[in-house]
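Here are the chains, one letter per residue:
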Amino acid sequence: MVWRSLRSMRTALILLLVIALASVAGSFIPQRPNSPLRIAQDFREHPLRSRIFDALGLFDVFGSWWFTLLYVLLLVSLGACLFPRTRALIRNARARPQPARELDGFRHFAEIPAGEPPAAAARRAQDLLRRRWFRVNRPEGGAEVAADKGLAREAGSLLFHWSFFLVMIGILVGKGTGFSGFAVITEGQCWVEAEANYDGNLRVGRYFGGDHTGARICVDDFEDTYRQSGIPMDFVTRATLTSGDGGDPTTQEIRLNDPGSVDGLNLYQFAFGWAPELRVRLGERVIAEGPVQFERDPVPEGVSELAVPWHGALRLPTLQPQRALQFSLWPSAAAFVTFRQTLRPGVMMTEAESPILIYEAFEGDLASELRPSFSELDTRGLRAAGDGVIGEGQTISLEDGRTLEGAALRRALEGDELTMSFTGIRQYTVLQVTRDRGLWIMLAAAILILVGLLPALYTSRRRVWVRAEPASGTGGSVLKVGGFALQRTTQFSEEFDRLVRDLRRGTPDRGVDPDRADERVGAP
Amino acid sequence: VSLEGWARISNDAFNVALFGYLAAMVGYFHYLAFRREAVWRVASTVTWLALGAQIVSIVARGLAAERVPWGNLYEYSSMLAALTVASYLVIVEWRAKIRTLGGFVLAFAVLTMAVAVSFLYVGPAPLVPALNSYWIRIHVVAAIVGSALLALGGGVLTSLYLVADRRERAGKAVPPIAGGAAGLDAGLDAGEVTDGDDAPPDLVPDEGGPDPVPRRRGVLPAAATLDRLAYRTIAFAFPIWTFAVIAGAIWAQEAWGRYWGWDPKETWSFIVWVVYAGYLHARSTAGWRGRRAAVIALIGFAALMVNYYVVNTVVDGLHSYSGV
């Protein structure tokens, strides 16, 4: 009983519509995989509602158990429907078309006089139908012909529907055995594809065997270009890629819409940012040196994202007491000056022009940071220890913030003063690294879906019978022709008319006989 | 001609097309009410001319922006209106020889264009890198063609079918107004879809039928005719929409590293697809044929409009860049 109702088209139809409805919810309620920040905000602003939504799986509709249940039910219902249909189709394709008893009861029927004896006339009809791609059966070379055409409709429909199982396999294989993560790489640096190097930004499939590739990505250069209006023109990472087993390195340009690839991994341009080069010294001893990756500040409403400053942090845990610096970066000094005058970010910074860093220094126990992030200090457990401004190429004293030059600089280095130099600025790029081995399955499934859909929608199943009976006294015969179509009946009535016309003409397909061209045999 | 020149030509031709459609719409509605052959002739001619003007507008827009002319919502709307009108002219007026429906189709086109020019207009500008791919030619063209056909079949024709069906049901209850049932039969049996309303409105003998049955002096074609025409248009659109979704998935894989991510645009394209898949199945399911299937088609049309206007402007997603 359950089985039968599961198999019915009504059930499938209702499941389809319910899935559509669930998707509506999934598109209007923010979804955890797409916008986790929105959900965190919702939890703060409407805790009760958010908890209810969360319990119902509405924050992750497409990953929720009930959505899975819906499409599994649909697939089961589909399979239950497809198995018997496929068996029937195979049976049908193997069997030969069967003769009918009464031909004049069919929707289309005609009687045609023929010059030759019945067997020869039937043979002619058989040839004609064959030439039109009908499957023809003339039992024992007799005067009866049964023909049909259009198995492609059912075959196409079955192919279309079965292909969705292939889609499921493609997803399972691809997502199950694959992974996707983000590689953050500064210009001039290299990154090796291994679990630890994703810094937690890695999602692996359930059946992923941990076989990271060890491929090496060295970023030679990142470039972002804009038009005058600030509309982005191009983002491109130029990288040298070496496969994990140490093959020859290749140089690739990775841009939006043009991914790179190495070792079966695809690399997508995802994001980018500034990385000022800093050097902190205690006397002449280098405490920290290198580019520090910065993040863009939140973009206020109505402001171009190119106009907002960037923030970053530098922690110095080896100092006693421990120290840390929180920075704000203005890639262009002119933009900072304008900001100080208007108190609103306005000038777009499409490239670095005498960048400046504004810093606040802190000291205390860095382990007291409760929510550390790479670009932001959690300063609640720390003491303020001065602030200041530093331009590119400058060195300052972190004791009192003064700019050190010439003799003062020499003295600071010879003594044991804590100094910081802003030696240059680079960019970093964020590449999305993905492995999906199911892509070919998905592509094959997509092609099969389309290939199946066309005959399923545009062809029709039709059957034709011809019976040759001896005509009284002449030695000739009478051809009785009957037929019907299950779909596209209007097209079939034209096809049937053409068939009858050609049978009547006796020598089919030798040009149109104008006298007979408009002769029609209508439906009874 | 300079780039600004092309932009001006594009805008002027757009306005010519908009007012052309508006005038033709009035003409078609006049023909619907009074059946004056000459009025139809003028309305149809004006529609063709306005369509020509709109094609000029679209081509000029492409020349002004130096790229394909479907890079933002304004341009997309213009293409949608043009293709809806074009498919109406080919499918309904030329192939099916039905003349009375032009006003409704043009109303849709005029509305789409009016919204485009008043709320969605942006000047010609180059494509952002996210859109700069050859897939914009494949995915977006398929999406617009599919949308135009679904708007015609699932929107206009299906609504009119529901109206005609309602009238015929009402007519059947009152026997003296003959022809409701006869019209239905004629619609089912006729060779091509020529049994609409191209003949004079008063008593028309059934073509080749044994005894002339007076046909209902109907405003609209027979419900069965509209139903079949709507079905054919949707059946034509469905594989195209399927292809558009698949092409979008392939592009997403290439641009974002995943073929499907339940981005609002993807979700709503999926909803449209699912609803029309439901429609096609409903038509072959006992108890769902006819009005119920038509209601599903209308829901699909509503989903298409949500996908088009709401998702691009209100909901925040990866496709937002193509917006206003």
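Basis of the calculations
Residues numbered from 1 in each chain as written. Chains lettered and ligands numbered in written order. Predicted model: local features only at pLDDT ≥ 70, side-chain atom pairs only at ≥ 80, totals over all residues. Heavy atoms only, no water. Helix = DSSP H or I, 4+ residues; strand = E, 2+ residues; numbered from the N terminus. Buried < 20%, exposed > 50% of the residue type's maximum accessible area, 1.4 Å probe, protein only. Contact = heavy atoms within 4.5 Å. Areas by Shrake-Rupley, 256 points an atom, 1.4 Å probe, with all protein chains shown as cover. Buried area = accessible area lost by both parts, 1.4 Å probe. Polar contact = N/O pair within 3.5 Å; in protein donor to acceptor, adjacent residues only side chain to side chain. Pairing = 2+ DSSP bridges. Axes fitted to C-alpha atoms, helices over the stretch in contact; angles between N-to-C directions. Parallel < 35°, antiparallel > 145°, perpendicular 65-115°, else oblique. Nonpolar A, V, L, I, M, F, W, Y, C, P; charged D, E, K, R; others polar. Expected span 1.5 Å × (residues − 1). Bend = angle between axes of the 7 residues up to and from the residue. Core = buried A, V, L, I, M, F, W, Y, C linked by side-chain atoms within 4.5 Å. Phe/Tyr/Trp six-rings, centres within 6.5 Å; stacked < 30°, edge-to-face > 60°. Disulfide = S-S within 2.5 Å. Salt bridge = Lys/Arg side-chain N within 4 Å of Asp/Glu carboxyl O.

With that settled, the discussion passes to the overall build of chain B. Helix and strand content of chain B: 9 helices and 0 strands. The helix and strand sequence of chain B, counted from the amino end, reads α-α-α-α-α-α-α-α-α. Counting only residues that meet the buried cut, chain B has 59% of its 324 residues in that class. Counted over contacts in chain B with a minimum sequence separation of 6, partners at least 24 positions apart contribute 80%. Carbon and sulfur atoms provide 68% of the accessible area of chain B, an area that totals close to 13100 Å².

For the rest of this paragraph, the subject is the interface of chain B and chain A. Tallying the contact residues gives 51 residues for chain B and 49 residues for chain A. The contact between chain B and chain A buries some 3900 Å² in all, and 69% of this surface belongs to carbon and sulfur atoms. Of all residues in chain B, the largest losses of buried area upon contact with chain A belong to Pro129, Tyr259 and Trp262 of chain B, amounting jointly to 17% of the total for that side. Across the contact surface, chain B and chain A share 9 residue pairs in polar contact (both at pLDDT 80 or more). For the side of chain B that touches chain A, the elements supplying multiple residues, two or more each, are α7 (223–256), α8 (264–282) and α9 (291–313) of chain B.

Turning our attention to the sheet that holds strand β8 (residues 232–242) of chain A. Whenever strands of a sheet pair, they do so through backbone hydrogen bonds, lying parallel or antiparallel. All names here are of chain A. Spatially, the 4 strands line up as an open sheet ordered β5-β7-β8-β9, and their pairing is antiparallel. Two strands bound the open sheet, and with one partner strand each, they are β5 (190–192) and β9 (250–255). The mean inter-strand angle of the sheet, taken between neighbouring strand axes irrespective of direction, is 30°. The pairing of β5 with strand β7 (residues 216–226) spans 3 bridges and is classified as antiparallel.

Moving on, we come to the packing of helix α3 (residues 36–45) of chain A against helix α4 (residues 47–55) of chain A. Residues and elements named next belong to chain A. Here α3 crosses α4 at 130°, and the two axes come no closer than 5 Å. For the element pair α3 / α4, the angle class is oblique. Residues Asp42, Phe43, Arg44 and Glu45 of α3 form the contact with α4, whose participating residues are Pro47, Arg49, Ser50, Arg51 and Asp54. In terms of residue class, the contact of α3 with α4 is built from 2 nonpolar, 1 polar and 6 charged.

In this section: the sheet that holds strand β15 (residues 323–330) of chain A. Residue and element names in this part refer to chain A. The 5 strands are arranged β13-β14-β15-β16-β17 in an open sheet whose pairing can be described as antiparallel. Every interior strand has two partners, whereas the edge strands, β13 (295–296) and β17 (383–391), have only one. Lying over the sheet, helix α8 (residues 333–342) contacts β15 and β16 (356–363), oriented at roughly 90° with respect to β15.

All names here are of chain B. With 23 residues, helix α3 (residues 73–95) extends 31 Å from end C-alpha to end C-alpha; this agrees with the ideal 33 Å at 1.5 Å per step. Largest kink in α3: about 25°, centred on leucine 89. Where burial is concerned, most of α3 is hidden: 18 out of the 23 residues are buried. Its side-chain oxygen placed 3.3 Å from the backbone nitrogen of tyrosine 74, asparagine 72 serves as the N-cap of α3. Where α3 terminates, the next one or two residues include lysine 97, which has phi positive at roughly 55°.

Counting residues in each nonpolar core, the largest one holds 126 residues, and the members touching the most others are Tyr21, Leu101, Phe238 and Tyr276 of chain B. In terms of residue count, the dominant contributor to this core is α7 of chain B (18 residues). Here leucine 101 of chain B is in contact with Tyr88, Val92, Leu157, Leu160, Leu220, Pro221 and Leu226 of chain B, once residues within four sequence places are set aside. Counting residues in hydrophobic clusters, the runner-up holds 25 residues, among them Leu325, Tyr359, Leu418 and Phe422 of chain A.

For residues other than glycine, phi is negative in most cases, and the peptide bonds are mostly trans. Residues and elements named next belong to chain A. Following glutamine 320, the chain continues into proline 321 via a peptide bond in cis, with omega recorded as -5°. Despite not being glycine, glutamate 140 shows a phi value in the positive range, around 55°. Here glutamate 140 lies in the loop between β2 (135–137) and β3 (144–149). A relative accessible area of 83% means that glutamate 140 is categorised as exposed.

Below, the discussion takes up the packing of aromatic side chains. This structure, assessed with the given rule, holds 39 aromatic pairs over all chains. Here tryptophan 330 of chain A and phenylalanine 336 of chain A contribute two aromatic rings whose centre-to-centre distance is 5.6 Å and whose plane-to-plane angle is 55°, an arrangement assigned as tilted. For the residue pair tryptophan 330 of chain A and phenylalanine 336 of chain A, the accessibility class agrees, reading buried in each case. Every member of this aromatic cluster is reached through a ring pair, and the members are Phe62, Phe67 and Tyr71 of chain A together with Trp260, Trp262 and Phe270 of chain B.

Quick look at the state of the cysteines now. Residues and elements named next belong to chain A. Applying the stated criterion across every chain, the model contains 1 disulfide over all chains. Paired by a disulfide, cysteine 190 and cysteine 218 hold their sulfur atoms 1.9 Å apart. Disulfide cysteine 190 to cysteine 218: torsion about the S-S bond roughly 110°, handedness right-handed. On the criterion of sequence distance, the pair formed by cysteine 190 in strand β5 and cysteine 218 in strand β7 is long-range, its members being 28 residues apart.

For the rest of this paragraph, the subject is the pattern of salt bridges. Where charged atoms from two side chains of opposite charge approach closely, those side chains can pair. Residues and elements named next belong to chain A. Going through the model one piece at a time under the given rule, you end up with 37 salt bridges over all chains. Of the charged contacts, one joins glutamate 253 and arginine 238 as a salt bridge, the two residues approaching to 3.0 Å between their closest N and O atoms. Here glutamate 253, found in strand β9, pairs with arginine 238, found in strand β8; they are 15 residues apart in sequence, far enough to count as distant. Residue class for glutamate 253 comes out partly exposed when judged on its relative accessible area of 37%. A relative accessible area of 24% places arginine 238 in the partly exposed class.

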